[in-house]
Amino acid sequence: MEFLNIDALKTAAMQNSFLTKLHATAVNKMPQALGLTLRYIPFSLKKQVIEQLLKLQFKQSLEDAELDFLEDKWLKIEVTDLKLVWFVSLIDNQLVVSRKEHPNVSFIGNANDLIMIATRRQDPDTLFFQRRLIVEGDTELGLYVKNLMDSIELESMPHFIRTTLEKLANIIEQTKKP
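Residues numbered from 1 in each chain as written. Predicted model: local features only at pLDDT ≥ 70, side-chain atom pairs only at ≥ 80, totals over all residues. Heavy atoms only, no water.

> Would you take a moment to explain the overall build of the protein chain for this structure?
From N to C terminus, the protein chain includes seven helices and five strands. Tracing the protein chain from N to C terminus, the helices and strands come up as α-α-α-β-β-β-β-α-α-β-α-α. Here the protein chain, with 178 residues, has 35% of them falling under the buried criterion. Within the protein chain, contacts between residues at least 6 apart in sequence are counted, and of these 68% link residues at least 24 apart. Summed over its atoms, the accessible surface of the protein chain is roughly 11,800 Å², and 59% of this surface lies on carbon and sulfur atoms. (Helix = DSSP H or I, 4+ residues; strand = E, 2+ residues; numbered from the N terminus. Buried < 20%, exposed > 50% of the residue type's maximum accessible area, 1.4 Å probe, protein only. Contact = heavy atoms within 4.5 Å. Areas by Shrake-Rupley, 256 points an atom, 1.4 Å probe, with all protein chains shown as cover.)

Structure follows, in structure tokens:
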């Protein structure tokens, strides 16, 4: 009888280990698969979505002139594993997204790290020093952008953005547990 319990425990442990590895593989490969899909979506549609999300997130910041440091300057955002690149600027007090510009500063990272930054589960400085977040270009503008990221309160995010990011961060954290 005791052998059955030990065998059952061993089988359960092996299944759990297999599921954990499968889960981790899925999380690590998902950005690549999503990136393939996103390549077929026209930039004009991606631009509309990104601009609407930025408008929702930074409505108050725009009203309070907290984004003036971006006036006529271009911030490049590159999500390496999704192979997504876009440029953001403030023009006539509107956040504008473009496909190709000459950036004043660039923020480059993978999707999982950027999600962890957005949900405050990773510090951008730590990722920068680990070379997992690359910041290139105008140092002063880069610090303004970083400080803006640091000032965003999760509770101030639109509900659907916050809950989506938090669910994704939970999945990412689950794959990193031993």
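> Sorry if this is basic, but what is going on with helix α7 (residues 159-176) here?
Note: α-helices contain 3.6 residues per turn, so residues at a spacing of three or four share the same orientation. Taking 1.5 Å as the rise per residue, α7 with 18 residues should run 26 Å; its terminal C-alpha atoms sit 26 Å apart, in good agreement. Buried residues of α7: I161, R162, L165, A169, I172 and T175, and no others. The buried residues of α7 occupy an angular sector of 150° when the element is viewed end-on, so they sit on one face. Pointing more than 90 degrees away from the buried face of α7 are the exposed residues H159 and K167. (Expected span 1.5 Å × (residues − 1). Arc of directions from axis to C-beta.)

> Would you take a moment to explain the pairing of strand β2 (residues 84-91) for this structure?
Burial analysis of β2 places six of its eight residues in the buried class, which makes it a mostly covered element. Connecting strand β1 (residues 75-79) to the antiparallel partner β2 that follows it, the hairpin turn spans four residues, and K83 within it adopts a positive phi of roughly 55°. In this sheet, strand β3 (residues 94-98) lies alongside β2 in antiparallel orientation, the contact comprising five bridges. Bridge pairing links V88 to V97 in β3. Counting the residues between successive antiparallel strands, the hairpin from β2 to β3 contains two residues, one of them, D92, with a positive phi of roughly 50°. (Pairing = 2+ DSSP bridges.)

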